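Observations on chain architecture
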Amino acid sequence: MCAAQAGARGRQVLLLDHANKAGKKILMSGGGRCNFTNMYSEPGNFLSGNPHFCKSALARYTQWDFIGLVAKHGVPYHEKKLGQLFCDNKSSDILEMLLAECSDAGVDLRLDTRIEQIDKTDAGYRLLTSAGRFDCESLVIATGGLSIPTLGASGFGYQVARQFGHELLPTRAGLVPFTITEPQLKELCGELSGTSVEDCVVSCNGQSFKENILFTHRGLSGPAILQISSYWQPGDSVQINLLPHLDLPEWLAEQQRERPNSELKTVLGELFTKKMANLLAEQWFVSKPLKQYTPSELNAVTERLACWTLIPAGTEGYRTAEVTLGGVDTREVSSKTMESQRSPGLYFIGEVLDVTGHLGGFNFQWAWASASAAAQFV
């Protein structure tokens with residue numbers, strides 16, 4: 001994105017990639033359909049130690065600008081939900097669009113190129129690579145984070161930042177499933193592996209998200225869990241309302257009045273899968289006919305279903321994380337140009353910076369916006 005826009009300004013651009021194929025993360029994103037932006041993207045959808053930093057770039061290159069680029073190239077797309085925009089066909093449509101923009105702008109793309117050394121010179125920077133030596137006025141670091149190392153992710157961008165005097169904020173996996181080790185909970189998750197519960201509200205540290213959750217053999221996943229994982233720290237508790245759309249006390253009281261001889265697991269089977277209802281009734285409650293429940297017992301059922309509290313053992317880590325939290329401290333980078341305030345001519349864009357979006361196309365939008373910001377000044 002940055003290379004294409006800088007090339008369109010008439011700059012001579014060399015784009016170096018250590019991978020053997022361009023845009024691997026684009027290709028695998030969104031289940032192969034690339035959730036390329038979000039219609040409701042705004043600064044509040046991003047986490048950063050310096051929350052005002054992202055505002056300028058996001059205002060100057062909006063989701064509508066990228067949607068316009070997609071339309072210009074005739075890429076068919078649709079809204080899935082919550083403003084999330086996906087390709088109708090496949091992720092490669094977005095990659096091919098970006099490569100076409102680079103080609104039109106005269107960008108020289110070199111794949112399979114390893115960066116061996118970077119030095120500051122009077123005129124800019126000198127790179128020693130597996131493809132030879134290159135000198136440049138401006139050097140843009142667009143290396144992403146540590147997430148999904150099997151696709152080539154590494155800490156190279158952070159090494160470059162450190163080399164030129166930048167502070168790094170601690171990095172950790174974000175948008176990542178939780179692992180559960182507490183025996184009874186682990187047994188419940190294992191038994192329910194593959195079961196999804198729609199529109200739960202998951203909360204932690206003052207943040208809440210309403211989306212689906214998914215039970216796995218190792219713990220909990222699904223959009224609501226991935227979202228809250230970015231706000232979770234080891235040892236923190238997570239609260240899950242499994243039935244936020246229901247006035248549970250009133251509903252249970254009504255069931256008790258109208259179906260006194262029905263067992264709890266039977267009525268819960270109308271809210272969850274039969275298997276899940278049976279397991280919850282066995283593990284969390286004593287399943288018996290509703291007429292045998294006292295008001296305090298029904299209140300306990302409500303409390304457990306509406307405020308299931310658990311402490312995850314940890315997360316799945318970078319192996320499956322969609323993003324990396326933390327990174328290059330944005331207080332040492334210009335929010336207007338993305339240029340280093342430590343080393344003139346050095347720029348940082350995208351995930352390598354301490355800016356992380358919510359799930360749903362926001363991280364791509366930050367990539368496009370920060371890339372566009374830098375491209376106007378490199």
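Residues numbered from 1 in each chain as written. Predicted model: local features only at pLDDT ≥ 70, side-chain atom pairs only at ≥ 80, totals over all residues. Heavy atoms only, no water.

Applying the stated criterion across every chain yields a total of 14 salt bridges. Put simply, E137 and R11 hold a salt bridge, and the shortest N to O gap is 3.1 Å. Highlighted residues: E137 in the loop between β9 (132-136) and β10 (139-141) and R11 in the loop between α1 (2-8) and β1 (14-16), separated in sequence by 126 residues. Take R11: its relative accessible area is 30%, and that puts it in the partly exposed class. (Salt bridge = Lys/Arg side-chain N within 4 Å of Asp/Glu carboxyl O. Helix = DSSP H or I, 4+ residues; strand = E, 2+ residues; numbered from the N terminus. Buried < 20%, exposed > 50% of the residue type's maximum accessible area, 1.4 Å probe, protein only.)

This part covers the UniProt feature "domain: RsdA/BaiN/AoA(So)-like insert" (unreviewed entry) in the protein. In the numbering adopted here, UniProt assigns the feature "domain: RsdA/BaiN/AoA(So)-like insert" (unreviewed entry) to residues 172-323. From the first C-alpha to the last, residues 172-323 spans 9 Å; its make-up is 36% helix and 24% strand. (UniProt positions renumbered as here; feature names shortened; annotations may be inferred.)

Looking now at the side chain of T216. Note that T216 resides in the loop between β14 (207-215) and β15 (219-221). T216 gets classed as buried once you look at its relative accessible area, which sits at 16%. At 3.2 Å, the side chain of T216 forms a polar contact with the backbone nitrogen of R218. Every residue in contact with T216, bar those within four places of it in the chain, is listed here: C189, G190, S193 and S221. (Polar contact = N/O pair within 3.5 Å; in protein donor to acceptor, adjacent residues only side chain to side chain. Contact = heavy atoms within 4.5 Å.)

Examined bridge by bridge, strand β8 (residues 125-129) and β9 share five bridges and lie antiparallel to one another. The residue bridging R126 from the neighbouring strand is D135, located in β9. Counted between consecutive antiparallel strands, the loop separating β8 from β9 contains two residues. (Pairing = 2+ DSSP bridges.)

Take the UniProt feature "domain: RsdA/BaiN/AoA(So)-like Rossmann fold-like" (unreviewed entry) in the protein next. UniProt annotation of "domain: RsdA/BaiN/AoA(So)-like Rossmann fold-like" (unreviewed entry) refers to residues 1-376 when read in the numbering used here. Taken end to end, residues 1-376 has its terminal C-alpha atoms 11 Å apart, with 32% of it in helix and 23% in strand.

What follows covers the nonpolar core. The tendency in soluble globular proteins is for nonpolar side chains to be buried side by side. Counting 59 residues, the largest nonpolar core has F66, I94, M338, F348, L353 and W366 as the members making the most contacts within it. Ranked by residue count, the leading element in this core is helix α13 (residues 362-375), at nine residues. Aside from chain neighbours lying at most four places away, what touches F66 is M1, F36, Y61, I94, M97, Q365 and W368. Counting 45 residues, the second largest nonpolar core, distinct from the first, contains F209, I228, W284 and L325. (Core = buried A, V, L, I, M, F, W, Y, C linked by side-chain atoms within 4.5 Å.)

What follows deals with the packing of helix α3 (residues 53-60) against α13. Two elements in contact, α3 and α13, have axes separated by 8 Å at closest approach and are oriented at 85°. In terms of axis orientation, α3 runs roughly perpendicular to α13. Packed against α3, whose contacting residues are F53, C54, A57, L58 and R60, the element α13 presents Q365, W366, A369, S370 and A373 at the interface. Class assignment of the residues belonging to the contact of α3 with α13 gives a composition of seven nonpolar, two polar and one charged. (Axes fitted to C-alpha atoms, helices over the stretch in contact; angles between N-to-C directions. Parallel < 35°, antiparallel > 145°, perpendicular 65-115°, else oblique. Nonpolar A, V, L, I, M, F, W, Y, C, P; charged D, E, K, R; others polar.)

Quick look at the sheet that holds strand β13 (residues 196-204) now. Strand order across the open sheet formed by seven strands is β17-β16-β13-β14-β15-β12-β18, with antiparallel pairing between neighbours. At either end of the open sheet lies a strand with only one pairing partner, and these are β17 (308-310) and β18 (314-315). Sheet topology places strand β16 (residues 238-241) next to β17; three bridges connect them, and they run antiparallel. Paired with I240 across the strands is W308, a residue of β17. Against the sheet, helix α7 (residues 183-191) makes contact with β14, β15 and β17, and its axis sits at roughly 115° relative to β17, the strand it touches most.

This paragraph deals with the packing of helix α9 (residues 248-258) against helix α12 (residues 295-306). Closest axis-to-axis distance for the α9/α12 pair is 10 Å, and the angle between their directions is 135°. The angle between the axes of α9 and α12 places the two elements in the oblique class. Taken as a pair, α9 and α12 cross one another with a handedness that is right-handed. Seen from α9, the contacting residues are L248, P249, L252 and Q256; seen from α12, they are L298, V301, T302 and L305. (Left-handed = near helix turned anticlockwise from the far one by under 90°.)

Once that is clear, we can look at the side chain of E332. In this fold, E332 is placed in the loop between β19 (323-328) and β20 (346-348). Engagement of the side chain of E332 in a polar contact is seen with the side chain of R342, the distance being 3.0 Å. In this structure E332 touches G165, H166, E167, E339, S340, Q341 and R342, once residues within four positions along its chain are discounted.

One pass over the structure, following the stated rule, counts twelve aromatic pairs. On the basis of an interplanar angle of 0° and a centroid distance of 4.4 Å, the ring pair of F66 and W368 is categorised as stacked. Here W368 lies in helix α13 and F66 lies in helix α4 (residues 63-72), a separation of 302 residues in the sequence. Each member of the pair, F66 together with W368, is buried. Taking NZ or CZ as reference, K80 lies 5.1 Å from the ring centre of F86, over its face. Over the ring of Y125 we find K120, and its NZ or CZ is 4.5 Å from the ring centre. (Phe/Tyr/Trp six-rings, centres within 6.5 Å; stacked < 30°, edge-to-face > 60°. Lys NZ or Arg CZ within 6 Å of the ring centre and 35° of its normal.)

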